[in-house]
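Geometric and topological summary
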Amino acid sequence: MYLLEQNAKAPALPPTEILVCYHCHDKCPDDKIVSADKHFCCEGCKMVYEILNTHDLCNYYNLDEQAGVSLRHKNSIPAFTYLDNAEIEAQLLEFKSPTAAKITFYLPQMHCISCVWLLEHLSKLDKGVTAARVNFLKKQVTVQYNPNETSLRNIAVLLSSIGYEPDIKLSNLTDSATTKQRRKLGAQIAVAGFAFGNIMLFSFPEYVGMDAQTYGSYARIFGYGSVILALPVLLYSAKDYFLSAWQGIKSKRLNIDIPLCLAFLALFLRSIWEIFTHTGAGYLDSFAGLTFLLLTGKWFQQTTWSRLSFERDYKSYFPIAAAVKKDGLEVAVPVHRLQANDIIIVRSQEIIPADGILTIGTADIDYSFVSGESEPVRVLPGEKIYAGGKQLGAAIEVTLVKSMEQSHLTRLWNNDVFEDKKGQTLSALADQAGLFFSWLVLALGALAALYWWGYKGDMHTAINAFTAIMIVVCPCTIALSIPFTLGNIIRIMGKRGFYLKNVEKVEALANFDAVVFDKTGTITQVHRHEIDFVGAALSPEQKIRIKSLANQSAHPLSRQLCVKLGDVPTAPVTNFEEFTGLGISGVVDGKKMWVGSADFVQADTDSSGHVYVREGAQILGYYEVRSIARTGLDRVFGYFRGLTRKRKPIPVFLVSGDRDKDAAMMQPYFGSEDTMLFRQGPQDKLNFVKNLQQKGRKVLMFGDGLNDAGALKQSDMGIVISEQSNNFTPACDAILDADKFDRLPQFIQLSKAGVRIVKQSYAVALLYNAIGISYAVSGTLSPLIAAILMPASSISMVLFGMGMGNWAARRYFR
Amino acid sequence: MHIIFFLIAVSLLVALGFLISFFWASRNGQFEDDCTPAMRMLFEEKDESEE
């Protein structure tokens, strides 16, 4: 039915109406690209439709309106020749036997239910594929195939040809460690929960006050049963707390886990003693319940942003393989095998894997991720090219002078800041509170024991009181407050486009007293520029000619020019030529046009950032291209500089790798020239942050690329501003969606509120403990009171923390 | 009254069954992806019989 309707409608459209591509719903430039009465914006989209149509997969278009992925700006489908290399294949495959293989691809283009449907029907497009499963949140597809009938490369090419180009990186698929960890935590919670529920059942007679006469032998059996149930809780579920406490003792740092483990041990040992001497029922229900609650808190605070990664290093930015020229043939070689003197071929939009010297071709290298330089750099044969740059023009040949590991950029990763600092991840707030509680518990316990034993001479009550204090003044409320309160705040922020790595970072965000910005892509917008034409006003015909010409080129400036010219229609172009690094020329409507640099159009003036237009012998003028500051910059800077509220201003610095061409635009934000540094290399940025820290400052740093990765890692809180969180983001503590930048002051206020709530809940916890202590010091803590008081205080703490957090969020994000 | 104690023992066995099935499901990867199955169930598989 659906197809029939479409058939009847499509050809009847008059040419004045806007034609929409059947595949990607973009506007069609003309009505010339037609297949089966449907219009398409480009040959790429038409091809996808034809592939799907011949395989009876057009249901794709019915499931979701916006299904198709536009292929208009893709010049060619990558060949993936390196996937035929056995070594690379072996690294990527999860499983391989002679008849079956399994691979997981990351497909950044996946966006709707139609994508899932099409990708899971991949076997229709390639008979060698036996099964395909999609994980939508992770944007991954796991493909099983028969290596005799198809190959890894065929599948990758097929995926690309239908619009889902796989992003093949060696490092981003090794996230199984976190999955395993989370699974283990789940199992620990299950064991603790199971034991908790059943020990409570076993304690049921005790709760209702049945005495030993009625159920004497049962009491013993239930007691032993409880011990059997509690053992796996102590040995398996609570294991990590003991390990962490032991590490704390070894490194002589009192952390929150030490008083926690003291409470665990006191609970367990006293219960065992009571049960085996038949003097009581013990507190094993409280013990299992406490462990269960604590583990649940741990689970809650480990919010995972399945699509995001905070640990990416340069390896996930670099390609997997490079095309090396050997005896006149092109061979794919894994990048870590590249050596000095290898000759590699780098095509358009590919990244240079190692430092080298350009031998053939002219290169236009986009170093924006490496140096922060926003404009492509022209490189001539014989000149040096550095790793990390992206070639924008045609294919070039580069003779390597260094291997990847020794290249200028990658050497930065050998810096100490990138070494893992284990054991230092615990929250300062929890540690301080833990320290305080440890001493409080020990002091109170000792006092009570001294009173009963020394003063009254009653050793039995002395031991009772001492252990009861250890149990009651258990820091569980403290240990629960941070995971639940701050975990909740992380979730709230995540929903609003600000993704924090872990709960400790909420504290870091609440306490900073210096801010460092990197310019490119953080303060300025990456893909948007302000373009103004300077010169005599252009006639509509001239605009058509300029746009037609620019439309032929994939260069970033040409693309921006097309966007600027908006709805201007295009005309056919003949004799089109693109001169790498200079400009483009062609004949439109019988007039020869040049668009490009001053040299290219032979203008007398010379100025970078200008795109000149020449028609025939006349220079019409130039387009001036300027960076645009991010929206909300006023607000954010006003906040930091204490203008919005009566607060102490925080020093704000600019450390940019770019030249100072935008200094004038930045100056109003930063106040004075002194706080703005330009032409800073990656190491300079890192040193700058280190210097601030040595002066006792806590540094909040904003960055976006490889060039500031070291500084981000060194800073107390490194935030990456990302226009597309799927793209490369270096190692950092938080990722902020670019369009949420103006909300930054609210996010900071919310994290401050979070820390405040935690402190308040500590105060409430002290109050609760005072009640418990009054029972404990008198040596009259019954299991029933413990079983009620402890979960009640813990749960009320959780509710308090989360409720206050939600309330604060509602206030700040109204 | 003693029946309660018997029932407690039975309930322990039932709970043990659930614990084991949870372990099985977790190991089987059933908690890995809680989004895609919800989409998958909307697909109409009309074509399987034709092949």
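So, here's what we can say about the structure.

Let us now look at the overall build of chain B. A tally of helices and strands in chain B yields two helices and zero strands. Of all 51 residues assigned to chain B, the portion counted as buried reaches 22%. For chain B, the exposed surface amounts to about 4,000 Å²; the carbon and sulfur share of it is 67%.

Below, the discussion takes up the packing of helix H14 (residues 428–455) of chain A against helix H26 (residues 744–777) of chain A. Residue and element names in this part refer to chain A. Their axes nearest at 13 Å, the elements H14 and H26 cross at an angle of 10°. As summarised for this structure, H14 and H26 are arranged roughly parallel, according to the angle between their axes. Every residue of H26 that contacts H14 at Leu-429, Ala-430, Ala-433, Phe-436, Phe-437, Leu-440, Leu-444, Ala-448 and Trp-452 is listed here: Val-755, Val-758, Lys-759, Tyr-762, Leu-766, Asn-769, Ile-773 and Val-777. Here the contact of H14 with H26 is built from residues that sort into 15 nonpolar, one polar and one charged.

In this assembly, 31 residues from chain A lie in contact with 27 residues from chain B. Surface buried jointly by chain A and chain B totals about 2,600 Å² across both partners, of which 68% is contributed by carbon and sulfur atoms. The three residues of chain A that bury the most area against chain B are Ile-113, Arg-183 and Phe-194 of chain A, which together make up 21% of that side's buried surface. The salt bridge partner of Arg-40 of chain B is Glu-120 of chain A, with a shortest N-O separation of 2.7 Å. There are five residue pairs in polar contact (both at pLDDT 80 or more) connecting chain A and chain B. For the side of chain A that touches chain B, the elements supplying multiple residues, two or more each, are helix H5 (113–120), strand S5 (129–135), helix H8 (176–202) and helix H10 (212–237) of chain A. Of all the elements, H8 of chain A adds the most residues to the side of chain A that touches chain B, at 10 residues. Tallied by class, the residues present in the side of chain A that touches chain B amount to 20 nonpolar, six polar and five charged.

As a further point, take the sheet that holds strand S10 (residues 356–360) of chain A. All names here are of chain A. One open sheet accounts for six strands, arranged S8-S7-S9-S15-S10-S13; its pairing is antiparallel. One side of each edge strand has no neighbouring strand; the edge strands of this open sheet are strand S8 (329–334) and strand S13 (384–385). The sheet contact formed by S10 and strand S15 (residues 396–400) spans four bridges and is antiparallel. Of the residues in S15, the one forming a bridge with Gly-356 is Leu-400.

Another point: a nonpolar patch on the surface. Taken together, the side chains of Ile-3, Phe-6, Leu-7, Val-10, Val-14 and Phe-18 of chain B present a nonpolar region at the surface, about 610 Å² in accessible area. Tracing the chain through its elements places Phe-18 of chain B in helix H1 (residues 2–27).

Rules and cut-offs
Residues numbered from 1 in each chain as written. Chains lettered and ligands numbered in written order. Predicted model: local features only at pLDDT ≥ 70, side-chain atom pairs only at ≥ 80, totals over all residues. Heavy atoms only, no water. Helix = DSSP H or I, 4+ residues; strand = E, 2+ residues; numbered from the N terminus. Buried < 20%, exposed > 50% of the residue type's maximum accessible area, 1.4 Å probe, protein only. Areas by Shrake-Rupley, 256 points an atom, 1.4 Å probe, with all protein chains shown as cover. Axes fitted to C-alpha atoms, helices over the stretch in contact; angles between N-to-C directions. Parallel < 35°, antiparallel > 145°, perpendicular 65-115°, else oblique. Contact = heavy atoms within 4.5 Å. Nonpolar A, V, L, I, M, F, W, Y, C, P; charged D, E, K, R; others polar. Buried area = accessible area lost by both parts, 1.4 Å probe. Salt bridge = Lys/Arg side-chain N within 4 Å of Asp/Glu carboxyl O. Polar contact = N/O pair within 3.5 Å; in protein donor to acceptor, adjacent residues only side chain to side chain. Pairing = 2+ DSSP bridges. Patch = residues over 30% accessible without salt bridge, like charges linked within 9 Å, V, L, I, M, F, W, Y side chains within 5 Å.

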